[in-house]
Amino acid sequence: MADKQISLPAKLINGGIAGLIGVTCVFPIDLAKTRLQNQQNGQRMYTSMSDCLIKTIRSEGYFGMYRGAAVNLTLVTPEKAIKLAANDFFRYHLSKDGKKLTLLKEMLAGCGAGTCQVIVTTPMEMLKIQLQDAGRIAAQKKLMAAQAQLSPTTSAGAAESVVETRTTATQITRELLRSKGIAGLYKGLGATLLRDVPFSIVYFPLFANLNKLGQKSPDVKAPFYVSFLSGCLAGSTAAVAVNPCDVIKTRLQSLKRGVNEDTYSGILDCTRKIWQKEGPLAFLKGAYCRALVIAPLFGIAQVIYFIGIAEFFLDMLPKRRD
């Protein structure tokens, strides 16, 4: 079946609305994922997603779970819009002969979508990770300061209390632009491509084929719950499949490290150090968190995108007379 064509403004609006709703719902789980992926052997602050969220609320308050959310809410609209619209664009041009898309062409369309979206995804995640992980690093320093004060070998007043200085996305952006230029915001671009391109190659064909199972005929859309479940299943499958790349990307994009934590010079150096010092299972850190984030995020996205909320509002606008 050739995909039904939707106007570009409608695609962008649908993708944007889907991204905003999805991020609002699942952001705390994404914060837990980032913190779990970044902690290395040694001073481990969290044992699980629930432990991370409970400790975050206790030390930073309820809104501490939404640190970095403003960055995502600002940039997720163009990111999701580009991803979904690009996939439609490539699917349309790959099916111009009117024939059903082969699996290879569906994968090529997903590859194109994943490549296009990193224009926005890389700086968005770069800023988000700094804000999300700041609370973990501050908590680790406070714990070590408290342990030093309790130590009998430490003189009184030797261990100073640690006060976290909160930075904003704007401050981080200005500092990166001042010190490294635009390239500073695109640190980890290669790792982002390494994650997002395979993700899209897996996700879009899997979603399209799962969604078709709920269609009564090629010209009738699948029920919304089929699109939702298809988006959830395809999203969680693709998320777990590329989680090792997400761990590497998160580590490379983190500008600040906790006590005694490794730094990395690139993708290969990061991969080698994680494998040698933390073992192969370290590449699955935060995998279930990522699945829990991506599943509803893409389920909601596909429902809104395929229902076509934007088309409804665009149709209400007065049409220009020739």
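Source: prediction; values computed, not measured.

Quick look at the overall build of the protein
At step 1: Within the protein, the regular secondary structure consists of 11 helices and 0 strands.
At step 2: Put simply, the protein has 322 residues, and 50% of those count as buried.
At step 3: Put simply, of all contacts in the protein between residues at least 6 apart along the chain, 80% involve residues at least 24 apart.
At step 4: Element-wise, carbon and sulfur atoms account for 66% of the exposed surface of the protein, whose accessible area totals about 15900 Å².

Thoughts on the packing of helix α6 (residues 189–212) against helix α8 (residues 243–253)
Between two packed helices, what matters for the description is the angle formed by their axes and the separation of those axes.
At step 1: Remark: α6 packs on α8, axes separated minimally by 9 Å, with the N-to-C direction vectors making an angle of 160°. The angle between α6 and α8 places the two elements in the roughly antiparallel class. Once α6 is placed against α8, the crossing between them reads as left-handed. Here Ala191, Thr192, Leu194 and Arg195 of α6 lie close against α8, whose contacting residues are Cys245, Asp246, Lys249, Leu252 and Gln253.
At step 2: Considering only residue class, the contact of α6 with α8 consists of 4 nonpolar, 2 polar and 3 charged.

Thoughts on a nonpolar patch on the surface
At step 1: A cluster of nonpolar side chains, namely Phe224, Tyr225, Phe228 and Leu229, defines an oily patch on the protein surface of about 440 Å² accessible area.
At step 2: By the secondary structure assignment, tyrosine 225 is in helix α7 (residues 224–241).
At step 3: Accessibility expressed as a relative area gives 48% for tyrosine 225, which makes it partly exposed.

Looking at the nonpolar core
At step 1: Grouped together as the largest cluster of nonpolar side chains are 20 residues, with contacts concentrated most on Val23, Phe199, Tyr203, Phe204, Ile294, Leu297 and Phe298.
At step 2: Contributing elements (two or more residues each) for this core: α1 (8–38), α3 (69–94), α6, α7 and α10 (287–307).
At step 3: Apart from the residues lying within four places of it in its own chain, the contact partners of tyrosine 203 are Gly231, Ala234, Gly235, Ala238, Phe298 and Gln302.
At step 4: Counting 10 residues, the second-largest nonpolar core is a separate cluster that includes Ala32, Tyr46, Met49 and Leu53.

Things to note about the packing of aromatic side chains
At step 1: Taken as a whole, this structure holds 10 aromatic pairs when the rule is applied.
At step 2: Look at phenylalanine 89 and phenylalanine 90: their rings are 5.4 Å apart centre to centre, the planes differ by 80°, and that puts the pair in the edge-to-face class.
At step 3: Residue classification places phenylalanine 90 among the partly exposed positions, given a relative accessible area of 25%.
At step 4: The interplanar angle of 40° and the centroid separation of 6.3 Å between the aromatic rings of tryptophan 275 and phenylalanine 283 together place this pair among those described as tilted.

So, the confidence of the model for the protein
At step 1: Scored by pLDDT, the protein comes out at a mean of 82, with 83% of its residues at no less than 70.
At step 2: Per-element averaging of pLDDT across the protein places helix α11 (residues 309–316) at the bottom with 50 and α8 at the top with 95.
At step 3: Every residue in residues 155–161 scores below 50 in pLDDT, and together they form 5 contacts with partners more than four places removed in sequence or on other chains.

Details of empty space enclosed by the protein
At step 1: By the definition in use, this model includes 1 cavity of 30 Å³ or more.
At step 2: Empty space within the largest cavity amounts to approximately 290 Å³.
At step 3: Lining the largest cavity are 23 residues, with Glu79, Lys80, Glu125, Ile294 and Leu297 sitting closest to its centre.

What counts and what doesn't
Residues numbered from 1 in each chain as written. Predicted model: local features only at pLDDT ≥ 70, side-chain atom pairs only at ≥ 80, totals over all residues. Heavy atoms only, no water. Helix = DSSP H or I, 4+ residues; strand = E, 2+ residues; numbered from the N terminus. Buried < 20%, exposed > 50% of the residue type's maximum accessible area, 1.4 Å probe, protein only. Contact = heavy atoms within 4.5 Å. Areas by Shrake-Rupley, 256 points an atom, 1.4 Å probe, with all protein chains shown as cover. Axes fitted to C-alpha atoms, helices over the stretch in contact; angles between N-to-C directions. Parallel < 35°, antiparallel > 145°, perpendicular 65-115°, else oblique. Left-handed = near helix turned anticlockwise from the far one by under 90°. Nonpolar A, V, L, I, M, F, W, Y, C, P; charged D, E, K, R; others polar. Patch = residues over 30% accessible without salt bridge, like charges linked within 9 Å, V, L, I, M, F, W, Y side chains within 5 Å. Salt bridge = Lys/Arg side-chain N within 4 Å of Asp/Glu carboxyl O. Core = buried A, V, L, I, M, F, W, Y, C linked by side-chain atoms within 4.5 Å. Phe/Tyr/Trp six-rings, centres within 6.5 Å; stacked < 30°, edge-to-face > 60°. pLDDT = per-residue confidence, 0-100. 1 Å grid on protein atoms, 1.4 Å probe; cavity = no way out; pocket = protein on both sides within 12 Å on 5 of 7 lines; lining within 4 Å. Points joined across faces, edges and corners; volume = space filled by probe spheres on them.

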